[in-house]
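# Analysis of the macromolecular model
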Amino acid sequence: MIGLISATAAGAAARDRLAAAWPDRTRVYDGPVGDAVRRAFAECEQLVCFLATGAVVRLIAPLLGGKASDPGVVCVDEGGRFAVSLVGGHGGGANELAREVGELLGTEPVVTTATDAVGVPGLDTLGLPVEGAVAAVSRALLDGEPVALHNESRWPLPPLPVAGQGAYGIRVTDRLVEPLSEREVVLRPPTLVVGVGASKGAPVEEVLELIEGSLREAGLSSKSIAHLATVDAKAQEPGIVAAAERLGVPLVTHSAEELAAIAVPNPSDAPLAAVGTPSVAEAAALVHGGELLVPKRKSAAQPAMATCAVVRRPVRGRLAVVGLGPGARDLLTPRAKAELQRASVLVGLDQYVDQIRDLLRPGTRVLESGLGAEEERARTAVAEAAKGQAVALIGSGDAGVYAMASPALAEASDDIDVIGVPGVTAALAAAAILGAPLGHDHVSISLSDLHTPWEVIERRVRAAAEADIVVTFYNPRSRGRDWQLPKALAILAEHREPATPVGVVRNASRPDESARLTTLAALDPATVDMMTVVTVGNTATRDIAGRMVTPRGYRWQEGAE
């Protein structure tokens, strides 16, 4: 919960805007400001104070306990100009909250955390449990001192400015080890799956003691548990459910049929009779493959009411296929920005890389190539992800529309995680400039025959023409392909009036953007190039006050007759 505190009418107005926008996330604290801050500090995970930073510092100073427990505090000034991350930048989420408040209220987020300021990921923001000398190693990264990375688990990490050797170190491991010195940090990746079986009524203490003892004896850290796994019939077993809650991990269940199909070293007749599978603990842990580190073990109680097994799951690389939008920076989505900064390897067309190079974190490895190498880029991105890297493969518009998602997914097997990040397409960007040409059914057709035979393209254009669908043409005309657009327009002209509106937009959203509205008869194909999107209306599309509008239904058309 986010506590909201204000002292003046201007502050209350901004406070109420946040409360209205985030009704389920916020709570307004009224009354004397000092009392309000103290109550919110004790009850909330974060605070937004519409007060001067000096006043907030004095109010919260006696309340501060430690960075691991203090809430994140953001201050918004009286003029609504700045949202200052004051306390708990990483641990309390104040840095991100300042950015969110800034987006909502139009204020400038002020983040002074050193790692954020220079674009280096904070070691406590990687989403992994962290132990050891976080401050010392972070300072070494900021100072440019050599920091060695020992990624025993091959876990995909964001870019870190690390070296092969150094006086400081980062170790990524699921083994039960302590930092070797005051200059080392240990990160715990979620690589372990613990399969659990239990008799009805098994106490949570017995389940937990078995899990923690098994991990300890195997030299494994409980902080690297990804999830507990069991059979569907035990999904509501109190001891298992409570064990997952206390460990702070999800409980994943599988059907008895699925588990029965898993080959295990220690099958048993007892679970087969009880729940329909000869193995629960081992099979549940092995469902998605991996290395069986701890075979089935029984709890020490007499009679034993719980079993467990531990598997180190295969580490999967991460491939984010990111749409950059049509070109304008403000049309690049926040999710796309986050994926660009999460990736340690970026793959893309050189001109697209140039658009977002300033957003990349220091240490990002950039693999760029020129036009016409789409399949090569896709293979490169998949190969890097298969090595366990966090990869971003970029394309313009939406990566799934005439872009990189299709060739990448055609290459990718099921041993990597693929994340699609949508972007604003050229068709949508052009439509917004033209007015509302896509108000009814519409289709996008690429006129490039480099990947599709012209006979297929022509058949699709003809089908769209006969079906009276609005058509947006991508790749309409190049120096070597100058006859396809006239041919496509001629096909449409067989079914539409010469006065049918046609929108022509070049470099939508970019500084040299241009747009014009013409007609099917008047369009000169020679004025169109590969940077242009051509949208041809249907029989209902109209030019209204210089804007291209397609009604949502056909009643408008009927009324005009």
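Think of each chain on its own: its residues are numbered from 1, step by step along the sequence as written. Restriction of local features to residues with pLDDT of at least 70 applies here, the model being predicted, together with a cutoff of 80 or more for giving and counting side-chain atom pairs; totals for whole chains, interfaces and linings are based on all residues. Water and hydrogen atoms play no part in the side-chain values, which are based on all heavy atoms of the structure.

For the rest of this paragraph, the subject is the packing of aromatic side chains. The relation between two aromatic rings is expressed through the spacing of the ring centres and the mutual angle of the planes. Only Phe, Tyr and Trp rings are paired, with Trp represented by its six-membered ring, and only when their centres lie within 6.5 Å; those with planes under 30 degrees apart are stacked, over 60 edge-to-face, the remainder tilted. A full pass over the atoms with the stated rule returns two aromatic pairs. When the ring of Tyr402 is compared with that of Tyr474, the centres are 4.8 Å apart and the planes differ by 55°; the resulting orientation is tilted. On the criterion of sequence distance, the pair formed by Tyr402 in the loop between β19 (390-395) and α15 (405-411) and Tyr474 in strand β23 (residues 470-474) is long-range, its members being 72 residues apart. Summary of the burial criterion: residues with accessible area below 20% of their type's maximum are buried, those above 50% are exposed, and those between are partly exposed, where the area comes from a 1.4 Å probe applied to protein chains only. On the basis of relative accessible area, Tyr402 is assigned to the partly exposed category, the value being 44%. Both rings, one in Trp454 and one in Trp483, keep their centres 5.0 Å apart while their planes meet at 70°; by these two values the pair is edge-to-face. You can see Trp454 sitting in helix α17 (residues 454-466) and its partner Trp483 sitting in the loop between β23 and α18 (484-493), a full 29 residues away along the chain. Classification of Trp483 as partly exposed rests on a relative accessible area of 42%. It is Arg25 that lies over the ring of Trp22; its NZ or CZ is 4.3 Å from the centre. Only DSSP runs of H or I covering at least 4 residues are called helices, and only runs of E covering at least 2 are called strands; the numbering of each starts at the N terminus. Ring-over charges, as used throughout, are those where CZ of Arg or NZ of Lys falls within 6 Å of the ring centre and within 35 degrees of the ring normal.

Turning next to the nonpolar core. As used here, the term nonpolar core means buried Ala, Val, Leu, Ile, Met, Phe, Trp, Tyr and Cys residues forming a set that is joined through side-chain atoms within 4.5 Å. One finds Val194, Ile211 and Leu228 to be the most contacted residues of the largest nonpolar core, which totals 23 residues. Elements that contribute at least two residues to this core include exactly β11 (192-198), α7 (204-217), β12 (225-231), α8 (238-247) and β15 (306-312). Counting residues per element, this core draws most heavily on α7, which supplies six residues. Any two residues having at least one pair of non-hydrogen atoms within 4.5 Å are treated as being in contact. Non-local contacts of Leu228, meaning those with residues more than four positions away in its chain, are made with Val194, Val196, Ile211, Ile240, Ala243, Ala244, Leu247, Val249, Pro250, Leu251 and Val252.

Turning next to the sheet that holds β19. In space, the five strands of this open sheet follow the order β18-β17-β19-β16-β20, with parallel pairing throughout. Strands at the two margins of the open sheet, each flanked by one partner only, are β18 (365-369) and β20 (416-421). Taken over all neighbouring pairs, the strand axes of this sheet differ in orientation by 15° on average, direction set aside. As paired elements, strand β16 (residues 317-323) and β19 share six bridges and run parallel to each other. Note that in β19 the partner of Ala320 across the bridge is Ala392. Strand pairing is defined by DSSP finding a minimum of two bridges between the two strands. Orientation is described by axes fitted as lines to C-alpha atoms, over the contacting stretch for helices, and by angles from 0 to 180 degrees between their N-to-C directions.

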